[in-house]
Number of protein chains: 2
Amino acid sequence: MIRETDSIDMQATDRIMERSWAAWQDYRLRPLSERAGLMREIARGLDSLGDEIIRTAMRETNLPEARLKGERARTIFQLNNYADACERGDWMELRIDTPDDKRIPAKPDIRKMMVPLGPVLVYGASNFPFAYSTAGGDTACALAAGCTVVVKAHPAHPDTSDAVATCIRQALVACGLPEDIFIHVHAESLEDGRALVTHPRTRAVGFTGSHTAGRSIFDWANGRKDPIPVFAEMGSVNPVFLLPEKLSEDAQEIAKMYSGSITLGVGQFCTNPGLIFGVDSSALDHFIQHLSEWISKTPAGPMLHAGIARAYAAKMAAALDQSDVKLAATGLSGTEELHGTATIATVDGDTFLSNPLLHQEVFGPFSLVIRCRDAAQMLRIAVELEGQLTCTVMGTNDEIAHHPALMAAIADRCGRLVLNGVPTGVEVCLSMHHGGPYPSSTDARFSSVGADGIKRFARPLSYQQWPDELLPDALKNANPMGYLRVIDNEASTGPVTLLG
Amino acid sequence: MIRETDSIDMQATDRIMERSWAAWQDYRLRPLSERAGLMREIARGLDSLGDEIIRTAMRETNLPEARLKGERARTIFQLNNYADACERGDWMELRIDTPDDKRIPAKPDIRKMMVPLGPVLVYGASNFPFAYSTAGGDTACALAAGCTVVVKAHPAHPDTSDAVATCIRQALVACGLPEDIFIHVHAESLEDGRALVTHPRTRAVGFTGSHTAGRSIFDWANGRKDPIPVFAEMGSVNPVFLLPEKLSEDAQEIAKMYSGSITLGVGQFCTNPGLIFGVDSSALDHFIQHLSEWISKTPAGPMLHAGIARAYAAKMAAALDQSDVKLAATGLSGTEELHGTATIATVDGDTFLSNPLLHQEVFGPFSLVIRCRDAAQMLRIAVELEGQLTCTVMGTNDEIAHHPALMAAIADRCGRLVLNGVPTGVEVCLSMHHGGPYPSSTDARFSSVGADGIKRFARPLSYQQWPDELLPDALKNANPMGYLRVIDNEASTGPVTLLG
């Protein structure tokens, strides 16, 4: 019976977290090869679930088959990719300083590596039933780091989450590992998770969702007697800056590209471009005109659930209701309550600067085009923006080179800076940073995508004066695995050679 | 006039932080060589201040000349060592993933590096007027990361802080850099700093001091609309675990070593060993007896200021006043109000487990020896301990190998694990981790000592699809500086070779 509880009371929480803690005492000491083996076994299991789980997810999320198949493939790739990174070991940040007995005072032997934090609580996300949920990026990174995982399933797709959880349990059995390395719980409300966040055995939290929910979790975690890290990815309006020369060259092409990005997945990606800034001009008029044409031909699509569709309609109406906001285009309207209709509006830069509501995310296929008075106003807006997962610049090389202050201001507001492309589409690779300044995430220093995400669930530990035979393998002199280590300030994949 | 303000009101705070922000717009774009050049110039300046600043610090802190000269030398070493690390560039964590146009969908070119957070607020520490104050580790790391710095001088050594601040200003002038890269302010109370912590331009805080003060700063920072990271190092009781075989071999030698560590600098190091655990036995009796002999011969020493001496006397009295706590030895008593007298007490393991007050730090030359009933009780205590900067194990290799659960529990509670040594003495090197689980620090993932401390003041930023000529130098294909970079998952100091 996977469905552990329907509401989490304090007693259930204690039982869950003590089980996770006990399993961690075993798992934290397992070699990297066993952690990677578990991750690869989970990946194989997800693949072998075939079409049935896709049908379950389609029913629960209204997402189309191709998208869900792609997301499952991405989730499998993540597990395998992070398993490789786990074994490569760069994330352990191995540092060795060799001793010097002749120095006064004598210099001790000190060696440092990353060690796992402990049991990690992961909240499933509504918009990614695979890649950011039960066996998603947070779970994969925590397992790689040597942490045990408690997943709170997202209530919008409980059956999908159950099927993935079963797959993880089977992988644990197949690998001969304690089953409590992974625990799966159901809870209806965010508040039900509070006891898990504040439990003394919980050492970190991963979350993807709204700012309201993410901030609550962050506040609970920091209000603890012993605060714990929260990695909450809370969405973003992903501003796009259209520079004049580029826009006058390519207005039509950019409009087509952005029409696709704004409406991709019914606008339900955290990297959806919600604000588009241009300097008021005939080129910007052309852009708005072309974008409106594309948007007006876009059919409405079903959103994840009726609650999200209602929130989209309400937030969009509120934005359109602000003074001086003008509706530019709407897509074809839908027949069902949960359909979301693509919509574009425009506003001038002064109004945008003075109305904070217009800076907020409207989760769905809505974008606001801001007519800036001039380049100076665009710069001022960039400086005033809240933190973002991504910012995008559409500009010629000359324009980029000639606007260093604007580029610096934009770079300061985001975690990923896209040039002449769209922010949607998050590549899973080591160089990806997915986590920008607050409020796009609670900790801009860590990424929720890419193998550097493993570092979220680990911390450094120094060993001083330990004999070689008692050190963890990764810090021993011989280094048979060829880990990259910094020895006396020099990177090396070789052994340690001690003098004397 | 360096003494900016005597109390920080909102207007002064605004002025200070806007100046720091404006200077950051310049400094953040400076090449690593200029940042390192500034740090080395500050180091030269500190050296050239000669004996006068040592006399000033002696007057203000009551610390002896040799200690202050050693601390100044360490501060100079830190500046030079972190300058070298800044230029070596490993802290930028450069990652490059090359594009693949043939993949469907096409794989974009993505490159990632660390960028500075922005203006950093540093609180000077009372117990380290040089190494953790005005030009100390936090300032050095922030400057290396490309951040500007606002230092709130510690009110216990304002003249020392002024002299160091003048030295930093002169270095800025000598390097042709904007003087507002460094701003020095005086404020009497912790509360005076609140406006600085909560100012929108402040991006991070460094602090070394008490738990009460550190937690206040942490709560202010996390209560902001946009929370910012706080790196507060808040002390530790640095538990020592004496394993039976080792103790029976070396009781006398260990007692001598610990007498020195407990009383070093009148017990005012954050790595002072405040709790010593042993299994009740005749070997432990011998240890206590020898330790008592050494302690009883120790002369009282002047503490940093009268407030600290009073707090020491009060906290020690409270500890001695707990039921079943037995005084074992006191050192020679002092003649002055600010003298601290070395003191050792003992208690049994059951009492220790049931009385949280005995787990708390008594800042000064006081240690409590806990007679554990058996090895199982020692393990239980290790699991229950709060987070610590360091833990130390005194044991034979055989004992370490045969107590994996105890070793794992101890490792989980600290940032540095010392074997057969003393925790006092913090080596400044890359493998040093100085920052343990809460409450020893607010963020166990970052170190306040060693060049990895630079990473506290930076965050990753990804560049997607930027042409080579517009990328920051460190991410360009050519890599003339030979930075260590991970290119397509492989470490390399060479250039990027693009296909096609």
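Cut-offs used in this document
- Here the residue numbering is sequential within each chain, running from 1 through the sequence in written order.
- By the order in which they are written, chains take letters starting at A while ligands take numbers starting at 1.
- Local features in this predicted model are restricted to residues of pLDDT 70 or higher, and side-chain atom pairs are both shown and tallied only at a pLDDT of 80 or more, whereas totals for entire chains, interfaces and linings draw on every residue.
- For every residue pair, C-beta atoms are placed from the backbone, and the pair is scored as a contact if these atoms sit within 7 Å.
- Think of it this way: any DSSP run of H or I at least four residues long counts as a helix, any run of E at least two long counts as a strand, and we number them from the N terminus.
- By the convention adopted, Pro, Cys, Tyr, Trp, Phe, Met, Ile, Leu, Val and Ala count as nonpolar, Lys, Arg, Asp and Glu as charged, and the other residues, Gly among them, as polar.
- Domain start and stop positions are those given by an automatic or database domain assignment.
- Least squares is the method for superposing the copies, and the C-alpha atoms it fits come from residues with pLDDT of at least 70 in both.
- When DSSP locates at least two bridges between a pair of strands, those strands are taken to pair.
- Inter-axis angles, ranging from 0 to 180 degrees, are taken between N-to-C directions of lines fitted to C-alpha atoms, where helices are fitted over the stretch in contact.
- Partly exposed residues are those falling between the two cut-offs: more than 12 but fewer than 20 other C-beta atoms within 10 Å of their own, whereas 20 or more means buried and 12 or fewer means exposed, with C-beta atoms placed from the backbone.
- An angle below 35 degrees is treated as roughly parallel, one above 145 as roughly antiparallel, one from 65 to 115 as roughly perpendicular, and anything else as oblique.
- If you view the pair so one helix is near and one far, a crossing is left-handed when the near helix is turned anticlockwise from the far one by less than a right angle, and right-handed when it is turned clockwise.

With that out of the way, let us pick up the interface of chain A and chain B. At the junction of the two partners, chain A supplies 56 residues and chain B supplies 56 residues. Only β1 (94-97), β2 (110-116), α14 (397-402), α15 (404-412), β16 (414-419) and β17 (458-464) of chain A provide two or more residues apiece to the side of chain A that touches chain B. The greatest single-element share of the side of chain A that touches chain B, amounting to 6 residues, is contributed by β17 of chain A. Split into classes, the residues belonging to the side of chain A that touches chain B amount to 28 nonpolar, 16 polar and 12 charged.

Here we come to the domain arrangement of chain A. Residue and element names in this part refer to chain A. If you check the domain split of chain A, you get domain 1 (10-234 + 445-457) and domain 2 (240-419). Each of domain 1 and domain 2 was reduced to a C-alpha centroid, and the two centroids are 33 Å apart. Tallying the contact residues gives 7 residues for domain 1 and 8 residues for domain 2.

We now examine the relation of the copies chain A and chain B. Expressed as a screw operation, the relation of chain A to chain B combines 0.0 Å of axial shift with a rotation of 180 degrees, fitting to an RMSD of 0.0 Å. One copy is carried onto the other by what is essentially a two-fold rotation axis. Within chain A, the C-alpha atom positioned nearest to the axis of rotation is that of Asn222 of chain A, 3.7 Å from it. Most of the interface of chain A is mirrored in chain B, where 98% of its interface residues again form contacts.

The strands making up a sheet are joined through hydrogen bonds of the backbone, oriented either antiparallel or parallel. Strands sit in the order β11(A)-β13(A)-β14(A)-β9(A)-β8(A)-β15(A)-β16(A)-β17(B)-β2(B)-β1(B)-β18(B)-β19(B) across an open sheet of 12 strands; the sheet is mixed. Two strands in the sheet have a free side with no partner beyond their single neighbour: β11 (326-330) of chain A together with β19 (490-492) of chain B. Put simply, the sheet's adjacent strands are angled 25 degrees from each other on average, direction ignored. Relative to strand β18 (residues 485-487) of chain B, strand β1 (residues 94-97) of chain B is paired through 3 bridges, and the arrangement is parallel. Paired with Leu94 of chain B across the two strands is Arg485 of chain B, which belongs to β18 of chain B. Across the sheet, helix α10 (residues 282-296) of chain A is in contact with β8 (240-242), β9 (275-279), β11, β13 (343-348) and β14 (366-372) of chain A; its angle to β11 of chain A comes to roughly 45 degrees. Strand contacts of α15 of chain A: β8, β15 (388-394) and β16 of chain A together with β2 (110-116) and β17 (458-464) of chain B, with the helix running at about 135 degrees to β16 of chain A, the strand carrying the most contacts.

Residues and elements named next belong to chain B. Spatially, β5-β4-β3-β6-β7 is the arrangement adopted by the 5 strands of the open sheet, whose pairing is parallel. The open sheet terminates on both sides in strands that have one partner only, identified here as β5 (182-186) and β7 (230-233). Taken over all neighbouring pairs, the strand axes of this sheet differ in orientation by 15 degrees on average, direction set aside. With 4 bridges joining them, strand β3 (residues 120-123) and strand β4 (residues 149-153) adopt parallel strand pairing. Opposite Val122, over in β4, you have Val151 as the bridge partner. Sheet contacts for helix α6 (residues 158-174): β4 and β5; angle to β5, the most-contacted strand, approximately 165 degrees.

Attention now goes to the environment of Arg111 of chain A. Position of Arg111 of chain A relative to the elements: it lies in strand β2. Given 26 C-beta atoms within 10 Å, Arg111 of chain A falls into the buried group.

We now examine the packing of helix α2 (residues 32-48) of chain A against helix α6 (residues 158-174) of chain A. All names here are of chain A. For the pair α2 and α6, interaxial distance at closest approach is 9 Å and the crossing angle is 135 degrees. Judged by the inter-axis angle, α2 sits oblique to α6. In terms of crossing hand, the pair formed by α2 and α6 is right-handed. Contact with α2, carried on its side by Leu38, Glu41, Ile42, Gly45 and Leu46, involves Val164, Cys167, Ile168, Gln170, Ala171, Leu172 and Ala174 of α6 and no other residues of that element. For the contact of α2 with α6, the residue count by class is 9 nonpolar, 2 polar and 1 charged.

What follows deals with the pairing of β2 of chain B. Residue and element names in this part refer to chain B. The buried fraction of β2 amounts to 6 of the 7 residues, a majority that puts the element mostly inside the structure. Of the strand pairs in this sheet, β1 and β2 are connected by 3 bridges, and their pairing is antiparallel. Paired with Ile96 across the bridge in β2 is Arg111. Here β2 runs beside β17; their pairing, made up of 7 bridges, is antiparallel. Bridge assignment links Ile110 to a residue of β17, and that residue is Gln464.

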